[in-house]
Amino acid sequence: MLDIMQHLGLKARKNVMNVYITPMIEAGLLEMTEPDNPTSRNQMYVAAKNIEKAK
């Protein structure tokens, strides 16, 4: 998540999940690398392989 925050120029970590990451996951734009353990400290997010499904 820190990589995403730096890329977007965000400093407040508090709302990044609710405002950016969760909506992108729900829209099919991002995928979790560990979907079975969403709160893992090793959790990362990657661009969805098939973004066409999000449209």
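The following paragraphs examine the structure supplied in this document. Model, not experiment: these values are computed from the prediction.

## Structural notes on the nonpolar core
So, step 1. Among the nonpolar cores identified, the biggest contains five residues, and these are Met5, Val16, Ile21, Leu30 and Tyr45.
So, step 2. Setting aside residues up to four positions removed in sequence, Ile21 forms contacts with Met1, Ile4, Val16, Leu30 and Tyr45.

## Focus: the environment of Val16
So, step 1. As for its position among the elements, Val16 is in helix H2 (residues 16-26).
So, step 2. You can call Val16 buried: its relative accessible area is 2%.
So, step 3. Taking C-alpha positions, Val16 is 9.0 Å from Ile4, a pair spaced 12 residues apart along the chain.
So, step 4. Filtering out sequence-adjacent residues up to four positions away, Val16 remains in contact with Met1, Met5, Leu10 and Ile21.

## With respect to the environment of Ala47
So, step 1. Structurally, Ala47 can be placed in strand S2 (residues 45-47).
So, step 2. Residue classification places Ala47 among the exposed positions, given a relative accessible area of 54%.
So, step 3. The sequence separation of Ala47 and Lys11 amounts to 36 residues, and the corresponding C-alpha distance is 22 Å.

What counts, and at which threshold
Residues numbered from 1 in each chain as written. Predicted model: local features only at pLDDT ≥ 70, side-chain atom pairs only at ≥ 80, totals over all residues. Heavy atoms only, no water. Core = buried A, V, L, I, M, F, W, Y, C linked by side-chain atoms within 4.5 Å. Buried < 20%, exposed > 50% of the residue type's maximum accessible area, 1.4 Å probe, protein only. Contact = heavy atoms within 4.5 Å. Helix = DSSP H or I, 4+ residues; strand = E, 2+ residues; numbered from the N terminus.

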